[in-house]
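Residue-level listing of the chains:
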There are 4 protein chains.
Amino acid sequence: MPQTVKAKIGVLGASGYTGAELVRLLLRHPGVEIALLTADRRAGQEMRDVFPQFSPFVLPKLVSIESLDWSASTLDLIFCALPHGTTQKVIKDVLAKARSIKVVDLSADFRLADLDAYARWYGHAHQAPELQQEAVYGLVEVYRDRIKGARLVANPGCYTSCAQLALIPLFKVEAIDVGEVVIDAKSGMTGAGRAAKEEMLFSEVSEGIHAYGVGHHRHMAELDQEFSLAAGRDVVVSFTPHLVPMNRGILSTIYVRGVGENRPEDLHAILLKHYANEPFVHVLPFGTMPQTRHVRGSNLTFIGVTRDRIAGRAIIGAALDNLVKGASGQAVQNMNLMLGFPEAMGLEQVALFP
Amino acid sequence: MPQTVKAKIGVLGASGYTGAELVRLLLRHPGVEIALLTADRRAGQEMRDVFPQFSPFVLPKLVSIESLDWSASTLDLIFCALPHGTTQKVIKDVLAKARSIKVVDLSADFRLADLDAYARWYGHAHQAPELQQEAVYGLVEVYRDRIKGARLVANPGCYTSCAQLALIPLFKVEAIDVGEVVIDAKSGMTGAGRAAKEEMLFSEVSEGIHAYGVGHHRHMAELDQEFSLAAGRDVVVSFTPHLVPMNRGILSTIYVRGVGENRPEDLHAILLKHYANEPFVHVLPFGTMPQTRHVRGSNLTFIGVTRDRIAGRAIIGAALDNLVKGASGQAVQNMNLMLGFPEAMGLEQVALFP
Amino acid sequence: MPQTVKAKIGVLGASGYTGAELVRLLLRHPGVEIALLTADRRAGQEMRDVFPQFSPFVLPKLVSIESLDWSASTLDLIFCALPHGTTQKVIKDVLAKARSIKVVDLSADFRLADLDAYARWYGHAHQAPELQQEAVYGLVEVYRDRIKGARLVANPGCYTSCAQLALIPLFKVEAIDVGEVVIDAKSGMTGAGRAAKEEMLFSEVSEGIHAYGVGHHRHMAELDQEFSLAAGRDVVVSFTPHLVPMNRGILSTIYVRGVGENRPEDLHAILLKHYANEPFVHVLPFGTMPQTRHVRGSNLTFIGVTRDRIAGRAIIGAALDNLVKGASGQAVQNMNLMLGFPEAMGLEQVALFP
Amino acid sequence: MPQTVKAKIGVLGASGYTGAELVRLLLRHPGVEIALLTADRRAGQEMRDVFPQFSPFVLPKLVSIESLDWSASTLDLIFCALPHGTTQKVIKDVLAKARSIKVVDLSADFRLADLDAYARWYGHAHQAPELQQEAVYGLVEVYRDRIKGARLVANPGCYTSCAQLALIPLFKVEAIDVGEVVIDAKSGMTGAGRAAKEEMLFSEVSEGIHAYGVGHHRHMAELDQEFSLAAGRDVVVSFTPHLVPMNRGILSTIYVRGVGENRPEDLHAILLKHYANEPFVHVLPFGTMPQTRHVRGSNLTFIGVTRDRIAGRAIIGAALDNLVKGASGQAVQNMNLMLGFPEAMGLEQVALFP
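Calculation notes
Per chain, residues are indexed from 1 in the order of the written sequence. The naming scheme follows written order: chains are lettered A onward, ligands numbered 1 onward. Residue-level local features of this predicted model are given only where pLDDT is at least 70; pairs of side-chain atoms are given and counted only at 80 or more, and the full residue set underlies all totals for whole chains, interfaces and linings. With hydrogens and water stripped out, all remaining heavy atoms of the structure feed into the side-chain values. Helix and strand assignments follow DSSP, with helices taken as H or I runs no shorter than four residues and strands as E runs no shorter than two, numbered in order from the N terminus. Put simply, the radius of gyration uses C-alpha atoms, and a globule should come to 2.2 Å times the residue count raised to 0.38. Residue exposure (1.4 Å probe, protein chains only): buried if accessible area is under 20% of the type maximum, exposed if over 50%, otherwise partly exposed. When checking whether two residues touch, look at their non-hydrogen atoms; a contact exists if any pair is within 4.5 Å. Between any two strands, pairing holds if DSSP finds at least two bridges. Orientation is described by axes fitted as lines to C-alpha atoms, over the contacting stretch for helices, and by angles from 0 to 180 degrees between their N-to-C directions. Defined in terms of a 1.4 Å probe, buried area is the accessible area two parts forfeit on being brought together, summed over both. In the sections that follow, a salt bridge refers to a side-chain nitrogen of Lys or Arg positioned within 4 Å of a carboxyl oxygen of Asp or Glu. Basically, the charged four are Asp, Glu, Lys and Arg, the nonpolar ten are Ala, Val, Leu, Ile, Met, Phe, Trp, Tyr, Cys and Pro, and anything else, Gly included, counts as polar. Under this definition, polar contacts are N or O atom pairs within 3.5 Å; protein pairs additionally need one hydrogen-donor-capable and one acceptor-capable atom, and for neighbouring residues in sequence, both atoms have to be side-chain atoms. Residue types Ala, Val, Leu, Ile, Met, Phe, Trp, Tyr and Cys, when buried and joined through side-chain atoms within 4.5 Å, form a set referred to as a nonpolar core. Here roughly perpendicular refers to angles of 65 to 115 degrees, roughly parallel to angles under 35, roughly antiparallel to angles over 145, and oblique to all remaining angles. Each crossing is labelled by how the near helix is turned from the far one, with a counterclockwise turn of less than a right angle marking it left-handed and a clockwise turn marking it right-handed. When the copies are overlaid, the least-squares fit takes in C-alpha atoms only where the residue has pLDDT of at least 70 in both copies. Put simply, two rings from Phe, Tyr or Trp (the six-membered ring, in Trp's case) pair if the centres are within 6.5 Å, and we call them stacked under 30 degrees between planes, edge-to-face over 60, tilted for the rest.

### Observations concerning the overall build of chain A
Consideration 1: A tally of regular secondary structure across chain A gives 11 helices and 14 strands.
Consideration 2: A compact globule built from 354 residues would reach a C-alpha radius of gyration of about 20 Å, and chain A, at 20 Å, matches this within 12%.
Consideration 3: Once the C-alpha set of chain A is aligned to its principal axes, its extents read approximately 60 × 45 × 45 Å.
Consideration 4: Going through the 354 residues of chain A one by one, you find that 66% of them count as buried.
Consideration 5: Long-range contacts, defined here as pairs at least 24 residues apart, represent 72% of the contacts in chain A between residues at least 6 apart.

### A word on the sheet that holds strand β4 (residues 77-80) of chain D
All names here are of chain D.
Consideration 1: Reading across from one edge, β3-β2-β1-β4-β5-β7-β6 is the order of the 7 strands in this open sheet, with parallel pairing throughout. Taken across any chain shown, the strands that pair with only one partner, and hence form the sheet edges, are β3 (62-63) and β6 (136-137).
Consideration 2: Packed onto the sheet, helix α1 (residues 17-27) meets β1 (7-12), β2 (32-38) and β4 and runs at close to 160° relative to β2.

### Quick look at the interface of chain B and chain C
Consideration 1: Each partner contributes to the interface: chain B provides 48 residues, whereas chain C provides 48 residues.
Consideration 2: Roughly 4000 Å² of surface becomes buried between chain B and chain C when both sides are summed, with 53% attributable to carbon and sulfur atoms.
Consideration 3: Of all residues in chain B, E207(B), I209(B) and R309(B) give up the largest surface area on contact with chain C, accounting jointly for 21% of the area buried on that side.
Consideration 4: Where chain B touches chain C, the interface holds 6 salt bridges.
Consideration 5: When the shortest N-O distance is used, the salt bridge between E207(B) and R296(C) registers 3.7 Å.
Consideration 6: Every element with two or more residues in the side of chain B that touches chain C is listed here: β8 (182-187), α8 (202-205), β9 (210-211), α9 (219-231), β10 (238-243), β11 (250-257), β13 (301-307) and β14 (313-320) of chain B.
Consideration 7: Looking at the side of chain B that touches chain C element by element, the count peaks at 4 residues for β8(B).
Consideration 8: Residues that form the side of chain B that touches chain C fall into these classes: 21 nonpolar, 14 polar and 13 charged.

### Quick notes on the interface of chain B and chain D
Consideration 1: With 20 residues of chain B in contact, the opposing surface of chain D contributes 21 residues.
Consideration 2: Roughly 1700 Å² is buried in total at the junction of chain B and chain D, and carbon and sulfur atoms are behind 51% of that figure.
Consideration 3: It is E198(B), L201(B) and F202(B) that lose the most area in chain B upon contact with chain D, and together they represent 37% of the buried surface on that side.
Consideration 4: If you look at where chain B meets chain D, you find 4 salt bridges.
Consideration 5: With a shortest N-O distance of 2.8 Å, R194(D) and E204(B) are connected by a salt bridge.
Consideration 6: The tally of links from chain B across to chain D stands at 13 residue pairs in polar contact (both at pLDDT 80 or more).

### Re the nonpolar core
Consideration 1: F79(A), L167(A), F79(C) and L167(C) are the most contacted members of the largest nonpolar core, which totals 183 residues.
Consideration 2: Excluding anything up to four places from it in sequence, L167(A) contacts I176(A), V181(A), I183(A), F227(A), I254(A), V256(A) and I316(A).
Consideration 3: Within the second largest apolar cluster, 182 residues are counted, among which are L22(B), L170(B), M220(D) and V281(D).

### As for the sheet that holds β10(B)
All names here are of chain B.
Consideration 1: With mixed pairing, 7 strands are arranged side by side in an open sheet as β9-β10-β8-β11-β14-β13-β12. Sheet topology places β9 and β12 (281-283) at the edges, where each strand pairs with a single neighbour.
Consideration 2: Pairing analysis gives 3 bridges linking β12 to β13, with the strands arranged parallel. By the bridge assignment, V283 is partnered in β13 with I303.

### Describing the packing of helix α1 (residues 17-27) of chain A against helix α11 (residues 324-339) of chain A
Residues and elements named next belong to chain A.
Consideration 1: Orientation of α1 relative to α11, taken along the N-to-C sense of each, is 50°, at an axis distance of 10 Å. As judged from the angle between their axes, α1 and α11 are oblique. Considering only the axes of α1 and α11, their crossing is right-handed. When α1 is examined against α11, the residues T18, E21, L22, R24, L25 and L26 are found in contact with a partner set consisting of V324, A327, S328, G329, A331, V332 and M335.
Consideration 2: Each residue belonging to the contact of α1 with α11 can be placed in one class, and the counts come to 8 nonpolar, 3 polar and 2 charged.

### Let's talk about the relation of the copies chain B and chain C
Consideration 1: Overlay of chain B on chain C (RMSD 0.0 Å): rotation 180°, translation along the axis 0.0 Å. The relationship between the two copies is best expressed as a two-fold rotation axis.
Consideration 2: Both copies share a contact surface, since 98% of the interface residues of chain B are interface residues in chain C too.

### Describing unusual backbone geometry
Consideration 1: Omega for the peptide link from F353(A) to P354(A) comes to -5°, which places this bond in the cis form.
Consideration 2: Residue placement: P354(A) occurs in the segment after α11.

### Section: the environment of A269(B)
Consideration 1: Within the element layout of this structure, A269(B) appears in helix α10 (residues 264-274).
Consideration 2: For the pair A269(B) and F286(B), spaced 17 residues apart in the sequence, the C-alpha separation amounts to 8.6 Å.

### Remarks on the packing of aromatic side chains
Consideration 1: Counted according to the given criterion, the structure contains 30 aromatic pairs over all chains.
Consideration 2: Here the aromatic rings of Y118(C) and Y122(C) are separated by 4.7 Å at their centres, their planes lie at 15°, and the arrangement is stacked. Within this pair, Y118(C) and its partner Y122(C) are both found in helix α4 (residues 115-122), separated by 4 residues, close to a single helical turn.
Consideration 3: Grouped by ring-pair contacts, the aromatic residues Y17(A), F51(A), F54(A) and F353(B) constitute a single cluster.

### Remarks on the environment of S206(B)
Consideration 1: Inspection of the secondary structure assignment puts S206(B) in the loop between α8 and β9.
Consideration 2: By relative accessible area, S206(B) is classed as buried at 5%.

### Section: the relation of the copies chain B and chain D
Consideration 1: Mapping chain B onto chain D calls for a rotation angle of 180° and an axial translation of 0.0 Å; the resulting RMSD is 0.0 Å.
Consideration 2: When the interface residues of chain B are mapped onto chain D, 100% of them are again interface residues, pointing to one common binding face.

### Some thoughts on the side chain of S161(C)
Consideration 1: Mapped onto the elements of the fold, S161(C) is located in helix α7 (residues 158-172).
Consideration 2: Excluding anything up to four places from it in sequence, S161(C) contacts L139(C), P156(C), L320(C), K325(C) and Q330(C).

### Quick word on the side chain of S228(B)
Consideration 1: Assignment of secondary structure puts S228(B) in helix α9.
Consideration 2: Setting aside residues no more than four positions away along its own chain, S228(B) makes contact with L223(B), R233(B), D234(B) and V235(B).

Here's what the structure looks like:
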């Protein structure tokens, strides 16, 4: 029996939404055991005090990171779901003391390979530049092979995962005009996290929609990096995120112009072929556009392509659940590769609709 | 390997919400194979045309019931998710032609054992009275043993499942005053089904709450029957359902008075003990009340008991997902018993919150 | 022209929801001028920085209360929309320095006439007991005459306004059993205010419903006081509030038993007659129940009465907008009486549905 | 007293959302009297049976259009809120029999001046081509003078009003590249009307977002016409509408490139100057983007301009309430001009937020 000894997993930052989503997935993953849960402000409490949906389950008590002795750790892998900025110090410390532990980081700290770009977008020098170089960018559909051997994986952002899955195959074969890409993105509220802020209160965000971070959202740095790598040249796109009164989901509506002979149907064909064998990316028939609700709770991304009425232009839609394929599901997919499990293990939930 | 030959399952009425929820659960159930899906108005279409969340999955094409030859059927069990009234004729026909097929009916047609009560509440004589007598009421936590041997199980209503799980253990030990029970129930919109009605449009039901069916909701007949059986005497409760702008969930807020020595704490202790070994009923600590969102997508029912400030009175809360424990999850739980699978097989999803 | 000189009005606590709602109403009230807006943490900002819906309007800049010299004030009336507890000190100070100013207080500080009850429910002695005795409870439909001459009016709570309007006429004529009243109340999220708390985040409260404050909500003290006064004897009711994923609205579903000859139809007739000439309370036809959405944004309360199937019992529904009739609209109605304006002036908005 | 004799107004199609919104506004308009309400399928019922928010108000009973004798009509103006297609026949008949009646039509029937374009987009020849030529396009901010003298005004579409108010001043002065305009529009559910359709049910549209009509939405014809007129040359834009789980509101996020010397700040300055004296269009400070919730229930449009990080490109946001400025409020604004009332009369409601 292969699961006689289960992999021991820790979740740092279990009191946030991505932390809870990791616990939801890991609880039913046949190859792992949740051995550690941290939450500094809630240390000493049970997970059910923080997230009552876990009331019936036996889980480790929440502890603070400071209370841990990493040099004695027997964990195989930790997920790091801590705020941007503090993450790099924590992971540097962990890996200094427990060199064989593997890490999937869900923050933005290790996503940018260029330390200057990091400093420019985040306003301070990186605290762990050597780890930054070691880190592998964790979009499985692009970097599957490198992830298998990685010690530290930087899980991509939710907006960027959605846009990359739709565009990278097109950039790679130079099928679209890199100078004329507009990404209008819409996210559910869990993307903004669980910190108590006035602008995230129910009454502030229900019954309305608005754009935010217009012209300067940090996810742009990640898009620039990965799009430019895929296209083999500098790519800068227009990207505007919006908040939608729903819990989960990102929809990217992407306006592109085909280059050369590439009509919208050809862009669709490129994507369809590219993802033919991917377990978690599904390309809809030409002319059908995705809805976020149809991937809710699943690790799937749905992609659709439609002809614009302007000759040569196409409209691409991509939808995923920001907490699953956009965060914790992607992270478990990375874990599966890093620990040698089948890639889809524990991630086969069918979407919850309605 | 026990699952070499999987049980063959049919879903009649797959284009409604309970039908889709059955497909969601059965797709990942290790012991079964979905062999038949019917939907009269959508016959000839694929399930993905009706519910796009199933786009990546291979499923049988939708067919009409009329097109089927039941005498040649190799199905082991069918779920019947058809409208009230038509169900009894369909099942009568199926069981006349395919006597060994097992049936879990999600409609109200076979829930009332008393044919007079049926006629009174539904306005017409029952069309299959002999099957009515054979049918077993499918609330597993009450009728587990009878369900194991049943051919036809009447899956309980969503409102009634919620209220029964909270009250039946108390009625059984005569712990509460049967003359003073008020059940104020709140349901998500999927409880009203998928038929296109003006009063179910988004703009009619969002941003508001209202009661409906006040004084005469048909679920009352089912409550009367089961509560009276549990109490060993006639019980008639006040029951008022409300519609809440959310997709899933039923919350029953129940006002009771303890009799004899039974303080609220004692009522809690009775429930805690009664459900100690049940996989799908979880009693929260005394004074903690349940929220529907914490059971969303799972087969769990959460129950809480709190002391009212009026001496002797308690307030009981019960929450479940109306499409899972209140319908399709319960139905799969019944199937598991009827086909000899472990009771919880395929039903262990952790709730999706947020 | 009577409005040559408009009354000068101040709003203390303009950065909360009831403050903004006061501004919405007062901006279009033909008899008043908004002369002062305070918001301690936002002092120095414009109202449009705090509530962008006011961008096109000219309004006084927000100031802190500490910066004001009340002895030089020319205000005719202030609304006090400050947190419970701090209010009593502020009003005591204002009225000591500006004795002719009139005050409508939207907090709970002056609602309880019994100082012992206040201390018991709020955990500390009242800081302005002499003003407590002077304050008039501001439910216009009950205390209209006293309010006209009052200097300090305690605007009722939102839950209590809703329940009182439905029950007080019945208590007054001893039409219902005072020992068997259950009030199951459901509120929109604005009732919880604008303070940034984790449990009020969109993702915590959308797609679900739950009870809170079960057995010990502070609005009970107010209900006890007013119900007992109306009934002429001690009345203690069961009251359970719930939070519903909607912005505005309170629905009270009330379970009562008629006494003497009073059938449900008689309870309806009592209410219909009682409110025949009230501008802001509308009794629906017997058997019709109210929906919160149909009073949204208006100062109206809708009341309905339906027969329960248990002989002698009735179910009463009452719906209002917690920010209008449950708070700021009620407050303006009080202001109109206190300043000699027509009672409905500035309050005739038709409900915004859908 | 100027309002001794009020204008007599009819609403054809009062049982839909735009009809109800007209009634909401007209009930409080000091210059008019609602003299006629039609609703064919609800003829004989009261408005309160169709929209309970009007329960307290006295309104004409609903009648069918067929039952009316237009030659004897004393109405001054009718609003026509009927479905596209049937409208042209009804209005043709009305104006043949009652030549002096004025008409504001809220359907799309008279918006396109080019009969060929009409036939192409709607699939049939226009039934009243001579009226089509007479009709004035009713976007007040563009055609104010012509509207004042019009007998038949074609009220603009909701999506098109929002996009036109943001872009027409820029097209007029040739400030943006007409070949590179992308309009990503998001609408609340009331924009889809009150017809009972499965895809508009609460459970189908809550908790998700999706694009629809991609590449071929009929509002494009209206955009083409008005943008080309404004720019003085053929303009074809990319336009993609989305449905958002909210009742009211349209947000247009518009991606443009300035031409010549026009930086984003210049585009903002053009809009700010253009709308300086408009009562219902408000331009936010440069860099501030609008939210639909801040105009809810009001006749206002908020417009914002932000710099994109791509040199020369700007992102423009425009928000309005689709039922007010996008339909019924706009229609009343047209009526005010046509009947000689002050333009803002009855339209000064402050937005309802939260």
